[in-house]
Amino acid sequence: MQKTTLALALASSALLSACVVVPAHRGYYDGGYAAAPAVVVDVPPPAPYAEVVPVMPYPGAVWINGYWGWSGGRHQWVPGYYDRPRPGYRYEPHRWESSGGRWHLRVGGWMRL
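Worth saying up front: this structure is predicted, and the values here are computed from it rather than measured. (Residues numbered from 1 in each chain as written. Predicted model: local features only at pLDDT ≥ 70, side-chain atom pairs only at ≥ 80, totals over all residues. Heavy atoms only, no water.)

Enquirer: Lay out the environment of Pro-44 with the relevant residues and their values.
Expert: Relative to the helices and strands, Pro-44 resides in the loop between strand S1 (39–41) and strand S2 (62–64). Sequence separation between Pro-44 and Glu-97 is 53 residues, and the spatial gap between their C-alpha atoms is 9.0 Å. Residues in contact with Pro-44, not counting those within four places in the same chain, are His-75 and Trp-103. (Helix = DSSP H or I, 4+ residues; strand = E, 2+ residues; numbered from the N terminus. Contact = heavy atoms within 4.5 Å.)

Enquirer: Any chance you could break down the side chain of Glu-92 for me, citing the residues and the numbers?
Expert: Note on placement: Glu-92 falls in strand S6 (residues 89–92). Within the structure, Glu-92 has its side chain in polar contact with the side chain of Arg-90 (distance 2.4 Å). (Polar contact = N/O pair within 3.5 Å; in protein donor to acceptor, adjacent residues only side chain to side chain.)

Enquirer: Tell me about the side chain of His-75, and please be specific about residues and values.
Expert: Within the secondary structure layout, His-75 lies in strand S4 (residues 74–78). Polar contacts involving the side chain of His-75 include one to the main-chain carbonyl oxygen of Val-43, which spans 2.9 Å. Of the polar contacts made by the side chain of His-75, one reaches the backbone oxygen of Pro-44; its length is 3.3 Å. Residues contacting His-75, with those up to four places away along its chain left out, are Val-41, Val-43, Pro-44, Pro-45, Pro-46, Trp-68, Gly-69, Trp-70 and Trp-96.

Enquirer: Can you explain the sheet that holds S1? Please cite residues and give values.
Expert: Strand pairing in a sheet is mediated by backbone hydrogen bonds. Such pairs are either parallel or antiparallel. Read from one edge to the other, the open sheet built from three strands follows the order S1-S8-S7, with strand pairing classed as antiparallel. Of all the strands in the sheet, just S1 and strand S7 (95–99) have a single pairing partner and so form its edges. When the angles between neighbouring strand axes are averaged without regard to direction, this sheet yields 25°. In the sheet, S7 pairs with strand S8 (residues 102–106) via five bridges, with the strands oriented antiparallel. Paired with Glu-97 across the bridge in S8 is His-104. (Pairing = 2+ DSSP bridges. Axes fitted to C-alpha atoms, helices over the stretch in contact; angles between N-to-C directions.)

Enquirer: How would you summarise the environment of Pro-79 if you had to cite specific residues and measurements?
Expert: When you line up the elements, Pro-79 lands in the loop between S4 and strand S5 (81–83). Note: C-alpha distance between Pro-79 and Asn-65 (14 residues apart in sequence) is 7.2 Å. Discounting chain neighbours no more than four positions away, the residues touching Pro-79 are Glu-51 and Gly-66.

Enquirer: Quick one: what's the story with the pattern of salt bridges, residue by residue and with numbers?
Expert: By the definition in use, this model includes six salt bridges. With a closest N to O distance of 2.7 Å, Asp-42 and Arg-102 form a salt bridge. Separated by 60 residues along the polypeptide, Asp-42 in the loop between S1 and S2 and Arg-102 in strand S8 bring together distant segments of the chain. With a shortest N-O distance of 3.8 Å, Arg-95 and Glu-92 are connected by a salt bridge. We classify Arg-95 as partly exposed; its relative accessible area is 31%. Relative accessible area serves as the criterion here: at 18%, Glu-92 is assigned to the buried category. Through salt bridges with shared partners, one network takes in Arg-90, Glu-92, Arg-95, Glu-97 and Arg-106. (Salt bridge = Lys/Arg side-chain N within 4 Å of Asp/Glu carboxyl O. Buried < 20%, exposed > 50% of the residue type's maximum accessible area, 1.4 Å probe, protein only.)

What follows is the structure in structure tokens.
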């Protein structure tokens, strides 16, 4: 009995130790495009990822779509999230633009109307 309990406790500990809680990515509130490091790459972003939008967590929540970011030398999907609306602002999404045969990541965020 004690061996079974110990084995179950060790297995549970191992499974729970793999849980990682990461803070959600948040937009910024600066009234314009943020001064972020320029991301310019030779590789076009993959096709948009079809996200499943979860149930709205509270009335009036705004869904911010995910986008292809750039990290570790490759495109990586940054998942969407819900945010609270900001009166007098609209959300401008991140986007990739092609220019001169290269791809530029234009950072989005909350923009003043």
